[in-house]
Amino acid sequence: MPEKKERTYRFCFGPWNLSEGQDPYGPPTRPPQSFDWKLEKLKEIGFDAMMFHDDDVVPDIDQKSDKELLEEAKEVKKKLSDAGVAAEMVAPRLWFSPRTIDGAFTNNDPKCRRYAIERCLRCIDIARTLGTDLIVLWLAREGTYIRESKDGRKAVERIADAIDKMLAYDKKIRVAIEPKPNEPMDQAYVPTIGHALALAHLTRDPKRVGCLIESAHAILAGLDPADEIDFACAFGKLWSIHLNDQNGLKFDQDKPFGSVNLRSAFNQVRALERNGYGRKGEYVAFDVHPYRTTKVEHWTLHLENSRKTFLRLLEKARTFDEETAKKLIADRNYAELDQMTLDHLLGD
Ligand code: XUL
Ligand code: MN
């Protein structure tokens, strides 16, 4: 058989993925570390890119002038260039400020909505400085605790209008919506990839609005992340991915990739592989967190392990017996296809 030229994947994580272990019930269990330390760790474990929130790049961003913002972003860009690390995307942190308590773009107060849009434009300035055209929108507080508090139709129109203002501000940027059905809100307005891609068509330039799938978010919506991947790819709209895992319907766990459901992880890798994900420069990001119990000396293991599992599953996807699978499908023998998949994963 002729050797097939196989694609290699490039990997990415964000500063928040080296988190300190705090949860709603207890304080950090590891000491906070500087950006330089995190970049050093990323280099050490051989990842290719870093993803950012706007205030990972410019801390206390709301207190900074435009000039300070650009200076600080340039400093970070220099550190990245010196380290040979790319910036994958920048996401505005629209859920921390007192002005986004009741939502960002869907806030009932026009002053707060204006703040959210201005914050996004500043996020675009940062992205431009870091050399990425990708803006990610996790619409954390665009939803409600009680349905009577907002008008759902207006909310959707306001989100589309905010994205329009971003697209108009910079003709080169692309916006990837990262949907999540709940947490922190009871109900989010853009809970799934289908919603995100439909929303793209309400904007002035649908071609520049796509999506980012996070495995845990799809599971929280009761969906199969592999099907979400295929769906987004059918539209050519999967511009980034946050692989991780989630044990059922509870808080967003961001567990290491494959650590709950190896078969689902296999199907996610298989879907990425068959859709040629990465061919246009997309990265595989792991939005995973260390367990609270993690010691300082084991701080990057959740990232290294997620990549290791991904690569092992990639091997499984590439050695899956497609011919036999085809025959079993033609014979509608799904019982055997089921077992063949398990045997393959178990390494018979
Ligand atoms: C939240 C989440 C975010 C986004 C970026 O659940 O996944 O970290 O990925 O804002
Ligand atoms: Mn994420």
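Residues numbered from 1 in each chain as written. Chains lettered and ligands numbered in written order. Predicted model: local features only at pLDDT ≥ 70, side-chain atom pairs only at ≥ 80, totals over all residues. Heavy atoms only, no water.

Asks: I tried to follow the overall build of the protein on my own but got confused; where do I start?
Replies: Counting its secondary structure elements, the protein contains 12 helices and 10 strands. Its C-alpha atoms give the protein a radius of gyration of 21 Å, within 12% of the compact-globule value 20 Å for 348 residues. Viewed in the frame of its principal axes, the protein has a C-alpha envelope of about 60 × 45 × 45 Å. A burial count over the protein gives 54% of its 348 residues as buried. In the protein, the share of contacts with a sequence separation of at least 24, taken over all contacts with a separation of at least 6, comes to 76%. For the protein, the exposed area adds up to about 17,100 Å²; of that, 52% sits on carbon and sulfur atoms. Averaging the coordinates of the 54 positive side-chain charges in the protein and doing the same for the 58 negative ones gives two points 3 Å apart. (Helix = DSSP H or I, 4+ residues; strand = E, 2+ residues; numbered from the N terminus. Rg over C-alpha atoms; globule rule 2.2 N^0.38 Å. Buried < 20%, exposed > 50% of the residue type's maximum accessible area, 1.4 Å probe, protein only. Contact = heavy atoms within 4.5 Å. Areas by Shrake-Rupley, 256 points an atom, 1.4 Å probe, with all protein chains shown as cover. Lys, Arg positive; Asp, Glu negative; His and termini not counted. Charge placed at Lys NZ, Arg CZ, Asp CG, Glu CD.)

Asks: Just checking my understanding: could you explain the nonpolar core for this structure?
Replies: Nonpolar side chains in soluble globular proteins generally cluster together in the buried interior. Ranked by size, the top nonpolar core spans 88 residues in total, and within it Phe52, Phe105, Leu238, Phe286 and Phe310 carry the most contacts. Per-element accounting of this core gives the leading share, 9 residues, to helix 4 (residues 110-130). If we ignore the near neighbours within four places in the chain, the residues touching phenylalanine 52 are Pro15, Trp16, Phe35, Val57, Val76, Leu80, Ala87, Met89, Val90, Ala91 and Leu130. In this structure, Cys12, Met51, Ala91 and Leu134 belong to the second largest nonpolar core, which totals 13 residues. (Core = buried A, V, L, I, M, F, W, Y, C linked by side-chain atoms within 4.5 Å.)

Asks: Just checking my understanding: could you explain the pairing of strand 9 (residues 238-243) for this structure?
Replies: When a strand is regular, its side chains alternate between the sheet's two faces. By the criterion of burial, strand 9 is predominantly enclosed, with 6 of the 6 residues buried. Of the pairings in the sheet, the one linking strand 8 (residues 209-214) to strand 9 comprises 4 bridges and is parallel in character. From the neighbouring strand, glutamate 214 faces strand 9, where its bridge partner is histidine 242. Across 3 bridges, strand 9 lies against strand 10 (residues 284-286) in parallel orientation. (Pairing = 2+ DSSP bridges.)

Asks: Explanation requested: helix 9 (residues 262-274) in the structure shown.
Replies: Each full turn of the α-helix corresponds to 3.6 residues, which orients residues three or four apart in the same direction. Look at helix 9: 18 Å from first C-alpha to last across 13 residues, which is about the 18 Å you get at 1.5 Å a residue. Residues Ser264, Ala265, Phe266, Gln268, Val269, Arg270, Ala271, Leu272 and Glu273 constitute the buried set of helix 9. The secondary structure elements touched by the buried residues of helix 9 are helix 7 (215-220), helix 8 (225-234), strand 9, helix 10 (301-319), helix 11 (322-330) and helix 12 (334-346). N-cap assignment for helix 9: the residue whose side-chain oxygen lies 3.2 Å from the backbone N of arginine 263 is asparagine 261. Downstream of helix 9 by a residue or two, glycine 276 has a phi angle that is positive, lying close to 70°. (Expected span 1.5 Å × (residues − 1). Polar contact = N/O pair within 3.5 Å; in protein donor to acceptor, adjacent residues only side chain to side chain.)

Asks: Where do I start with unusual backbone geometry in this structure?
Replies: Note: most peptide bonds trans; most residues except glycine with negative phi. The omega torsion across glutamate 183 and proline 184 is 10°, close enough to zero to call that bond cis. When you line up the elements, proline 184 lands in the loop between strand 6 (174-178) and strand 7 (187-188). A positive phi is found at aspartate 254, a non-glycine position, where the angle reads about 50°. Looking at where aspartate 254 falls in the secondary structure, it is placed in the loop between strand 9 and helix 9. Taking relative accessible area as the criterion, aspartate 254 reaches 9% and is therefore assigned buried.

Asks: Whenever I open this one, the side chain of arginine 141 confuses me. Can you help?
Replies: Looking at the element boundaries, arginine 141 is found in the loop between strand 4 (134-138) and strand 5 (143-144). Buried charge without a partner: arginine 141 forms no salt bridge, and the closest opposite charge is glutamate 142, 8.9 Å away. Of note is the side chain of arginine 141, whose polar atom sits 3.0 Å from the backbone oxygen of tryptophan 95. Beyond its immediate chain neighbours, meaning those up to four positions away, arginine 141 contacts Trp95, Thr100, Ile101, Gly103, Thr106, Lys150, Pro184 and Met185. (Salt bridge = Lys/Arg side-chain N within 4 Å of Asp/Glu carboxyl O.)

Asks: Can you help me understand the packing of helix 1 (residues 35-44) against helix 3 (residues 66-83) in this one?
Replies: The relative placement of two packed helices comes down to the angle between their axes together with the axis-to-axis distance. For the pair helix 1 and helix 3, the least separation of the axes is 11 Å and the interaxial angle reads 25°. Our classification of the angle between helix 1 and helix 3 gives roughly parallel. Here helix 1 and helix 3 pass one another in a crossing that is right-handed. Listed contacts from helix 3 to Phe35, Asp36, Leu39 and Lys43 of helix 1 are Val76, Lys79, Leu80 and Ala83. Within the contact of helix 1 with helix 3, the residues separate by chemical class into 5 nonpolar, no polar and 3 charged. (Axes fitted to C-alpha atoms, helices over the stretch in contact; angles between N-to-C directions. Parallel < 35°, antiparallel > 145°, perpendicular 65-115°, else oblique. Left-handed = near helix turned anticlockwise from the far one by under 90°. Nonpolar A, V, L, I, M, F, W, Y, C, P; charged D, E, K, R; others polar.)

Asks: Would you mind showing me how to read the site of ligand 1 here?
Replies: If you check the shell around ligand 1, you find Trp16, His53, Trp95, Trp138, Glu178, Lys180, Glu214, His217, His242, Asp252 and Asp287 and nothing else. Here an oxygen atom of ligand 1 and a side-chain polar atom of glutamate 214 are 2.8 Å apart. In this structure, aspartate 287 approaches ligand 1 through a side-chain N or O atom, which is 2.9 Å from an oxygen atom. Relative to its unbound accessible area of 300 Å², ligand 1 is 93% covered by the protein chains. Across the shell around ligand 1, the residue classes break down as 3 nonpolar, 3 polar and 5 charged. (Near = heavy atom within 4 Å.)

Asks: Honestly, the state of the cysteines in this entry has me stumped. Any pointers?
Replies: As used here, a disulfide is simply a covalent bond connecting the sulfur atoms of two cysteines. Considering all chains together, one arrives at 0 disulfides under this definition. Take cysteine 211: it sits in no disulfide, and the sulfur closest to it among the cysteines is that of cysteine 233, at 8.1 Å. (Disulfide = S-S within 2.5 Å.)

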